[in-house]
Amino acid sequence: MIKVETEVLVIGRGMAGVMAASTLAKNGVDVTIVAKSYGATALSSGCLDILGYIPEVQGVAQPPFSGFKYLVVSNRNHPYLIAGEGDPKKAEDIIREAFDSLPEQIKNLHVGSVENNSWVLTSFGTLRPTAFVQKPLEPAIITGEKESILLTGIKGLFELNPVFASSIAMKDLKSRSLGYVKVKPAYVSIRSLEGAQYLAIPLVSTVLEEDEEFDEFKKELVKLAKRENPDTILLPSIFSTPNLVEKMKELEDACKCRIGEVPTPPESASGLRLQRALNNVCSTLGIKVFHATDLKPEVENGIVKRIVGTRRTLLFTEARKIVFEAEKYVLATGDLIGEGITCDVDEELNVAFRETVFDLPLYIPEGPIATTDPFNPAGQNFSKIGINVNSEMQPVDSAGRVVYENLFAAGSIIGHYDYNAEKCGMGVAITTGYKAAKSILSRR
């Protein structure tokens, strides 16, 4: 058996968990992270959203904080308002404070501002509002200036269909009176991967790490740039390593135009870059990270005393019991995607949702769990499922009573919002992770 004693145990190593852990560590707290795996952050677009849409009124929040006046009317249980004690101004203040407190590894990866949303062209051809984008995605920001963009797919890589995406982009741009921004489709190939029926982004990135392959890829792009003479060439999110990101400048110099990425479905390089930055935060601050499964709490008199799990140090080695004892705990396991919440269906097709570590009571919206329209601008009810918290980020029951006095929560495990429809996922993770840490610090 392995026993780990720490002042605070954070369960989950995505954005919310690392934000809580880093804030605590920077204030002298002995903090440890336990996680089953990387979670949903590694699968994200890498953008740091604050608020893009208000589904209840189907309006755009531009700038982000302008939407808070609608949240007060439409969703007073939104995590932003809960973190701000129900006051939109306090909510704005805690968000600003949280983003100011982001670790340098995250800040240095992104460009943007809490003051404004930028429109970013995606691999689907849609325009996505977001506050911060990773630097390799900066060329995908639609600035409003006249521009010719070559949306360029890689043969065999299905994450970007440039013909489909460019047609959607032109319609979306015209609807926003931006028709003078021209988007055209194009394809390039990677020599050693030609003829492959299906490519994955990690494989493409690995191949491009080879100097000879990269040089051949550069030649392909140069031919394309000379033929089409674009202002910008946008590629799928494939530049997953620091070495490849640095080589994007080499491509720009050779092609004599801007080279960038578009937000791309998982596994995109931008999600992997963000997770790598989170890992670097933990290493820099000396935050211990353990991997364990089957985490279960032991509780006495309404206090979490310890967490017990199973740990394998190497593949196929014998499982060992691991016990974590802490004064405070932060739950940041994510929702259905991160498996912080599971869904069970019985023989009669009855659906039951469950929080997987503490079996906390869940908020489940009334009505159908999902609609037949996957792109419904009003969002999906299953995305809103999660635990209830108070303004200190402590899980509470339906009557508002604190479940465990020394337990706090952060990120998408919290209910009452749809991060996909609202474009607020990373903002909520950053803000609630920071607020949970501040609540713990106030109790030291």
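Please refer to the structure higher up on the page.
Residues numbered from 1 in each chain as written. Predicted model: local features only at pLDDT ≥ 70, side-chain atom pairs only at ≥ 80, totals over all residues. Heavy atoms only, no water.

A.B. asks: Can you tell me about the pairing of strand β19 (residues 328-331), naming the residues and giving the values?
C.D. replies: The alternating pattern of β19 places K328 and V330 on one face and Y329 and L331 on the opposite face, and all of these are buried. Bridge count for strand β2 (residues 8-11) against β19 is four bridges, and the pairing is parallel. Within β19, the position partnered with V8 by the bridge is K328. Of the pairings in the sheet, the one linking β19 to strand β25 (residues 407-409) comprises three bridges and is parallel in character. Bridged to V330 within β25 is F408. (Buried < 20%, exposed > 50% of the residue type's maximum accessible area, 1.4 Å probe, protein only. Helix = DSSP H or I, 4+ residues; strand = E, 2+ residues; numbered from the N terminus. Pairing = 2+ DSSP bridges.)

A.B. asks: Which residues make up the environment of G425, and what values do they have?
C.D. replies: The topology assignment puts G425 in helix α13 (residues 425-441). Measuring from C-alpha to C-alpha, the distance between G425 and L48 comes to 7.8 Å, with 377 residues separating the pair along the chain. Contacts of G425, omitting those with residues within four sequence positions, involve D49 and Y419. (Contact = heavy atoms within 4.5 Å.)

A.B. asks: Any details on the pairing of strand β3 (residues 31-35)? Residues and values, ideally.
C.D. replies: Here β3 lies mainly inside the structure; five of its five residues are buried. Side chains V31, I33 and A35 project from β3 onto one buried face, and the interleaved T32 and V34 project onto a second face that is buried too. Of the strand pairs in this sheet, β2 and β3 are connected by four bridges, and their pairing is parallel. For I11, the partnering residue across the bridge sits in β3 and is V34. As a crossover connection, the stretch from β2 through helix α1 (residues 15-26) into β3 is right-handed. Where β3 and strand β15 (residues 288-291) come together, four bridges link them in parallel fashion. Within the sheet, the bridge partner assigned to T32 lies in β15 and is K288. (Right-handed = clockwise from strand over helix to strand, strands pointing away.)

A.B. asks: How would you sum up the environment of I50? Please name residues and give values.
C.D. replies: By the element assignment, I50 lies in the loop between β3 and β4 (53-54). According to the relative accessible area criterion, I50 is buried, its value standing at 0%. Residue contacts for I50: discarding those within four places in its chain leaves P64, F65, Y80, I95, F99, V114, A131, K423, C424 and G427.

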